[in-house]
Every structure is written in C-alpha cells, then in structure tokens.
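# Inside the fold
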Amino acid sequence: MSIIIKNEAEIEKMRIVGRLAADVLDMIAPHVVPGVTTNQLNDLCHNFIVDVQQAIPSPLNYRGFPKSICTSINHQVCHGIPSEKKLKSGDIINIDITVFKDGFHGDTSMMFCVGTVSAHAQRLCDIARESLFLGIEQIKSGTTLGDIGNAIQTHAEKNRYSVVQDYCGHGIGRDFHEEPQVLHYGVPGDGLALEAGMIITIEPMINQGKHHTKSLGDGWTVVTKDHSLSAQYEHTILVTENGYEILTLRAAERTN
Ligand code: MF3
Ligand code: CO
Ligand code: CO
C-alpha cells in the first residue's frame, strides 16, 4: 500500500491539468441539448482536448474503453459509452472528463439536465452535488476516508437516496487510478488518514432507488439494478495541512 505524496512541482502540473478537465465541461455545456447524440458530445470534447488543449483524453483505450469521455444517462450509473443515441428533453446525463497532459491526469464530472427535467430528477442531481461538497469539506490533514464517506452517505440517506458501493473515488496523478480507494460511505474515524500532498477524487454516485448495480453486455456501462435514476458529480482535490484545494473547479465555481 503506497499513497503518493505530490511535491510542489507535481502539484502545479495537477493544477494545470485539473483546470483543463474543468474547461472541457464548460466548453460542452451549451451543446448538451435535446437531439444531440452522445457521439457528437464525445467528438466535440475529443477535438477540444486534442486540438485546443494539446492534451490527451485519458479514457480513450484505457483498459479497452473505446471513446474519449463517459456519458451516463438516467439509470446509467457510470462508464456509459458515447453512441448514436440522441438526448431528449427530461434526460439527466453525467459527463465524465479525464485529461492527461505533461505526465498527469485530471478527472471531473457533472450532471446536465437536458431540456426540462422532472422535479425529482433535479432534486437527485442537487443532492448528489451537495453530497460531493459535504465530503470535500471534511478534508484536511488527518481526516480519515471514513469521515468523507460518512458525510456523503449521511446526506444521501437523509434524503432517502442510496449510495453506490460498487465504484469509488481514487488517488490520481501520474496514473489515472492510484491508491487509495475512496469509498462514498463509511464510519467516522475509520480507514486511512489523509496527509498534505495527497491528491484524490471524490465522485459519489447517488441512486433514487436501491444501491445495487449491474454491468451491461458492452463490458463498461453500469446501470442501477432496479433501473432507478442515478446521479454523480466528481472533483479532483489536493489535501493541504489545513484543508483542501479543488483542482477541477469550473468557471462558475471559481472565485479567482
Ligand atoms: N473517469 C472515471 C473515473 O472517475 C473512470 C472512467 S474509466 C473509463 O474514475 F475507461 F471508463 F473511461
Ligand atoms: Co475518477
Ligand atoms: Co471521472
């Protein structure tokens, strides 16, 4: 078990690639409308990452993943593969962007509402985002992974949602997925204590129904077993002595 502590030069590269990943979400936002296909969204992101950012989309060919982004619609939990399927009004979709540049990966995702969505779908997305930030707000040197997981789980369950247990956040840096595994449920004080210089993702998947998932025959797409809606948000975060720095803030989330 070895968790990499990043030095200042590595942290600066993570800030840059984190910003690039966030910029892709800002770029794609106006294109997430009824009638667009997830392949079109994939191609827009791919070309922006390669041509404008001069970077590499990490998912492409990662363990055989065939596309450059993940697009997970409605009851799809994560790792959805872009296709010729058209988005329609009322869909909720997670777009998950991971960018590789100058030796480092930055990973972030968010929900988009397509056209007009139901109040219950909107609420699920709101609670998923709030759960992510409640987890993030736990972070400082000495916080345990159980503290983070518990904050997320408590908020989701208070709202009568469930937390996916089959997938988790992760360390990130020179590798897309590093140690540790960051569970989105747990008991305060349990598990590893974070140290300044660690960089992790938190990416809770929150279900309207039960937490159980299954994988589709394409080998990637994960869906809720009961076909209830699922929502996810993800940030890449640096642990500091007294708190944290979110490396993947989008323009609307930044204060400077
Ligand atoms: N971006 C996802 C994560 O948050 C991983 C996607 S792996 C892929 O960890 F191969 F599906 F792209
Ligand atoms: Co991730
Ligand atoms: Co991701």
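Residues numbered from 1 in each chain as written. Chains lettered and ligands numbered in written order. Predicted model: local features only at pLDDT ≥ 70, side-chain atom pairs only at ≥ 80, totals over all residues. Heavy atoms only, no water.

### Examining the environment of G135
In plain terms, the rule: To qualify as a helix, a DSSP run of H or I must reach at least 4 residues; to qualify as a strand, a run of E must reach at least 2; elements of each kind are numbered from the N terminus. Whether two residues touch is decided by their heavy atoms; if any such pair falls within 4.5 Å, the residues are in contact.
Note that G135 resides in helix α3 (residues 119-136). For the pair G135 and I5, spaced 130 residues apart in sequence, the C-alpha separation works out to 20 Å. Dropping the residues within four chain positions of it, G135 is found in contact with I148, A151, I152 and I202.

### Observations concerning the coordination of the cobalt ion (ligand 2)
As a reminder, the rule being used: Metal donors: N, O and S atoms at distances within 2.8 Å, or within 3.2 Å for Na, K and Ca, with water omitted from the atom set so that some sites may seem incomplete. Each residue gets one of three labels from its accessible area relative to the maximum for its type: buried under 20%, exposed over 50%, partly exposed in between, using a 1.4 Å probe on protein chains only.
Within the first shell, the cobalt ion (ligand 2) binds the protein through D107 (OD), H170 (NE2), E203 (OE) and E234 (OE), at distances of 2.0 to 2.2 Å. For the cobalt ion (ligand 2), all donor residues lie on one chain, and their spacing in sequence is D-x62-H-x32-E-x30-E. Separating the cobalt ion (ligand 2) from the cobalt ion (ligand 3) is a distance of 3.3 Å, and D107 supplies a donor atom to each of them. One end of the pair, D107, is in strand β5 (residues 104-113); the other, H170, is in strand β7 (residues 169-171), with 63 residues separating them in the sequence. Given a relative accessible area of 4%, H170 falls into the buried group.

### Some thoughts on the coordination of the cobalt ion (ligand 3)
Cut-off, in case you're wondering: Only four donors with every angle between 85 and 135 degrees are called tetrahedral; only four or six donors with opposite donors over 155 degrees apart and all others between 65 and 115 are called square planar or octahedral, in that order; all others are irregular.
Coordination of the cobalt ion (ligand 3) by the protein involves D96 (OD), D96 (OD), D107 (OD) and E234 (OE), with metal-donor separations of 2.1 to 2.4 Å. Geometry at the cobalt ion (ligand 3) is irregular, judged from its 6 donor atoms and the angles of 58 to 166° they form at the metal. We note that the donor set of the cobalt ion (ligand 3) lies within a single chain, spaced as D-x10-D-x126-E.

### Structural notes on the packing of helix α1 (residues 8-28) against helix α2 (residues 38-52)
This is how the line gets drawn: In this description, a line fitted to the C-alpha atoms serves as the axis of each element, helices being fitted only across the stretch in contact, and the angle between N-to-C directions of two axes falls anywhere from 0 to 180 degrees. Note on terminology: angles under 35 degrees are roughly parallel, angles over 145 are roughly antiparallel, angles of 65 to 115 are roughly perpendicular, and the others are oblique. For a crossing to be left-handed, the near helix must be turned anticlockwise from the far one by less than a right angle; the clockwise case is right-handed. Asp, Glu, Lys and Arg are counted as charged, while Ala, Val, Leu, Ile, Met, Phe, Trp, Tyr, Cys and Pro are counted as nonpolar; the rest, among them Gly, fall into the polar class.
Packing of α1 against α2 brings their axes to within 10 Å, and their N-to-C directions diverge by 135°. Of the possible angle classes, the one that applies to α1 and α2 is oblique. For the element pair α1 and α2, the recorded crossing hand is right-handed. Across from D23, V24, M27 and I28 in α1, the residues of α2 making contact are L41, L44, C45, F48 and I49. Of the residues contributing to the contact of α1 with α2, the split by class is 8 nonpolar, no polar and 1 charged.

### Observations regarding the nonpolar core
Short version of the rule: Take the buried Ala, Val, Leu, Ile, Met, Phe, Trp, Tyr and Cys residues and link them wherever side-chain atoms come within 4.5 Å; each set so joined is a nonpolar core.
Membership of the largest hydrophobic core comes to 61 residues, with the highest contact counts inside it found for V32, L41, I93, I95, I97, V99 and I202. At the level of elements, α1, α2, β4 (92-101), β5, α3, α4 (145-158), β9 (199-202) and β14 (235-239) are the ones that each hand at least two residues to this core. Per-element accounting of this core gives the leading share, 9 residues, to α1. Filtering out sequence-adjacent residues up to four positions away, L41 remains in contact with I28, H31, V32, V36, I69, L87, I93 and I95.

### Some points on the packing of aromatic side chains
Here is the rule we go by: Pairing of aromatic side chains here covers Phe, Tyr and the six-membered ring of Trp, requires ring centres within 6.5 Å, and sorts the geometry by plane angle: under 30 degrees stacked, over 60 edge-to-face, intermediate tilted. As a reminder, the over-ring test applies to NZ of lysine and CZ of arginine, requiring each to be within 6 Å of the ring centre and within 35 degrees of the ring normal.
Within the structure shown, the criterion is met by 2 aromatic pairs. With a centroid separation of 4.7 Å and an interplanar angle of 55°, the aromatic rings of Y62 and F176 are classed as tilted. Taken as a pair, Y62 in the loop between β1 (56-57) and β2 (70-73) and F176 in the loop between β7 and β8 (178-182) lie far apart in primary sequence, 114 residues in all. Where F65 meets W220, the ring centres are 5.0 Å apart and the plane angle is 90°; that geometry is what we call edge-to-face. Placement of F65 in the loop between β1 and β2 and of W220 in the loop between β11 (213-215) and β12 (222-224) is noted, with a sequence separation of 155 residues between them. If you follow R129 out to its NZ or CZ, it ends over the ring of Y233, 6.0 Å from the centre.

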